[in-house]
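Commentary on secondary and tertiary structure
Single-letter residue listing:
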Amino acid sequence: MQVLHIDSSILGESSASRALTREIVGRLKEQHPEAQVTYLDLAAEALPHLSGKSLARSDELEAARNATALSEFQAADVLVIGAPIYNFSIPSQLKAWIDRISVAGETFRYTASGPQGLAGGKQVIVAMARGGVSGPQGEFGESYLRFLFAFLGIEDVRFVRAEGLSISPEHRAASLAQARAAIAAVAPVQALAA
Ligand SMILES: Cc1cc2nc3c(=O)[nH]c(=O)nc-3n(C[C@H](O)[C@H](O)[C@H](O)COP(=O)(O)O)c2cc1C
């Protein structure tokens, strides 16, 4: 089983989403000792924004970045993604990665009857952390990731949520404890490959 573990928080060791992805991956490794884990820290090694040169494939370094991001994504059976909420959505570092793995003809295609995802069969576990509490308005993180992965053909997307982290230290501790308890429900994921 190939696991792609991605962190995108800029808050280093204080990050809630990093703590949660670490636990999720630890649990996956306990249950699937054969799992191969590739780790991307998109804050420590940020991918540049996609550019015209990236799309035109006129820049060798950019072409190599695209190829690496795409092949890591395509090889993964399970993705574990740390997604903090910054300004109502995911960090731009994570968006820069998404821009490199959403490739027409590779991970989706447009057909006469609508778009078709080509990256099916994967499972995604998102550890989502936010300072406030999500409501019906202004929620562009979880809904965006669900829509994106469905567009790419991935329907099995699970969320571990830690909310209200900035309300008070007590609230943060309780919310993290609740999120940790929820990890048991989302991982183990069903083994996709031995
Ligand atoms: C730049 C920035 C923007 C933020 N914007 C929001 C926001 O829009 N909504 C919210 O609920 N919390 C917001 N927060 C709080 C974070 O969601 C919270 O700190 C959370 O713990 C981030 O996850 P992390 O600890 O993994 O980085 C923001 C924090 C930062 C640093």
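A brief structural summary. (Residues numbered from 1 in each chain as written. Predicted model: local features only at pLDDT ≥ 70, side-chain atom pairs only at ≥ 80, totals over all residues. Heavy atoms only, no water.)

1. Topic: the site of the ligand
Neighbouring residues of the ligand: 15 residues in total, closest Ser9, Ser15, Ser17, Ile85 and Gly132. In the environment of the ligand, an oxygen atom lies 2.8 Å from a nitrogen or oxygen atom belonging to the backbone of Gly132. Bound to the protein, the ligand loses 76% of the 620 Å² it would expose on its own. Here the shell around the ligand is composed, by residue class, of 8 nonpolar, 6 polar and 1 charged. (Near = heavy atom within 4 Å. Polar contact = N/O pair within 3.5 Å; in protein donor to acceptor, adjacent residues only side chain to side chain. Areas by Shrake-Rupley, 256 points an atom, 1.4 Å probe, with all protein chains shown as cover. Nonpolar A, V, L, I, M, F, W, Y, C, P; charged D, E, K, R; others polar.)

2. Quick word on the nonpolar core
Of all hydrophobic cores here, the largest spans 30 residues; its most connected members are Phe73, Leu94, Trp97, Leu145 and Phe149. Looking at this core, the elements that each hand over two or more residues are β1 (2-7), α3 (60-75), β3 (78-84), α4 (92-101), β6 (123-129), α5 (142-151) and β7 (156-162). Of the residues forming this core, the biggest block, 5 residues, is contributed by α4. When sequence neighbours within four positions are dropped, the list of residues in contact with Leu145 reads Ala83, Ile90, Ile98, Val126, Met128 and Phe159. Judged by nonpolar contacts, the second largest core, of 20 residues, contains Val3, Leu20, Ala35 and Ile125. (Core = buried A, V, L, I, M, F, W, Y, C linked by side-chain atoms within 4.5 Å. Buried < 20%, exposed > 50% of the residue type's maximum accessible area, 1.4 Å probe, protein only. Helix = DSSP H or I, 4+ residues; strand = E, 2+ residues; numbered from the N terminus. Contact = heavy atoms within 4.5 Å.)

3. Observations regarding the packing of α3 against α4
In a pair of packed helices, the angle between the axes and the distance between the axes together describe the arrangement. Packing of α3 against α4 leaves a shortest axis separation of 8 Å and a crossing angle of 85°. Classified by the interaxial angle, the pair formed by α3 and α4 is roughly perpendicular. In this structure, α3 contributes Glu62, Arg65, Asn66, Ala69, Leu70 and Phe73 to the contact, and α4 contributes Trp97, Arg100 and Ile101. Considered class by class, the residues forming the contact of α3 with α4 number 5 nonpolar, 1 polar and 3 charged. (Axes fitted to C-alpha atoms, helices over the stretch in contact; angles between N-to-C directions. Parallel < 35°, antiparallel > 145°, perpendicular 65-115°, else oblique.)

4. Observations regarding the side chain of Asp77
With respect to the helices, strands and loops of the structure, Asp77 is situated in the loop between α3 and β3. A polar atom in the side chain of Asp77 sits 2.7 Å from the backbone nitrogen of Gln2.

5. Considerations on the packing of aromatic side chains
In the structure shown here, the tally under the stated rule is 4 aromatic pairs. One aromatic cluster in this structure is built from Phe108, Tyr110 and Phe151. (Phe/Tyr/Trp six-rings, centres within 6.5 Å; stacked < 30°, edge-to-face > 60°.)

6. Some thoughts on the sheet that holds β7
Read across the open sheet, the 5 strands follow the order β2-β1-β3-β6-β7; overall the sheet is parallel. Pairing within the sheet leaves two strands with one partner each, and these edge strands are β2 (36-41) and β7. Across the sheet, the axes of successive neighbouring strands diverge by a mean angle of 15°, strand direction being ignored. Bridging between β3 and β6 involves 7 bridges; their strand directions are parallel. Among the inter-strand pairings, Val78 is bridged to a residue of β6, identified as Gln123. (Pairing = 2+ DSSP bridges.)

7. A short note on helix α1 (residues 16-31)
An α-helix turns once every 3.6 residues. As a result, residues three or four positions apart point the same way. The terminal C-alpha atoms of α1 lie 23 Å apart, and with 16 residues this matches the ideal 22 Å at 1.5 Å per residue to within 8%. Of all the residues in α1, the buried ones are Ala16, Ser17, Arg18, Ala19, Leu20, Thr21, Ile24, Val25 and Leu28. Lining the buried residues of α1 we find β1, β2, β3, β6, β7 and α6 (169-186). (Expected span 1.5 Å × (residues − 1).)

8. Observations concerning α5
Of the residues making up α5, those classed as buried are Glu142, Leu145, Leu148 and Phe149. Buried positions in α5, seen along its axis, are confined to an arc of 135° and lie on one side of it. Looking at the buried side of α5, the elements it contacts are α3, β3, α4, β6 and β7. Following α5 by one or two positions, Gly153 has its phi on the positive side, about 100°. (Arc of directions from axis to C-beta.)

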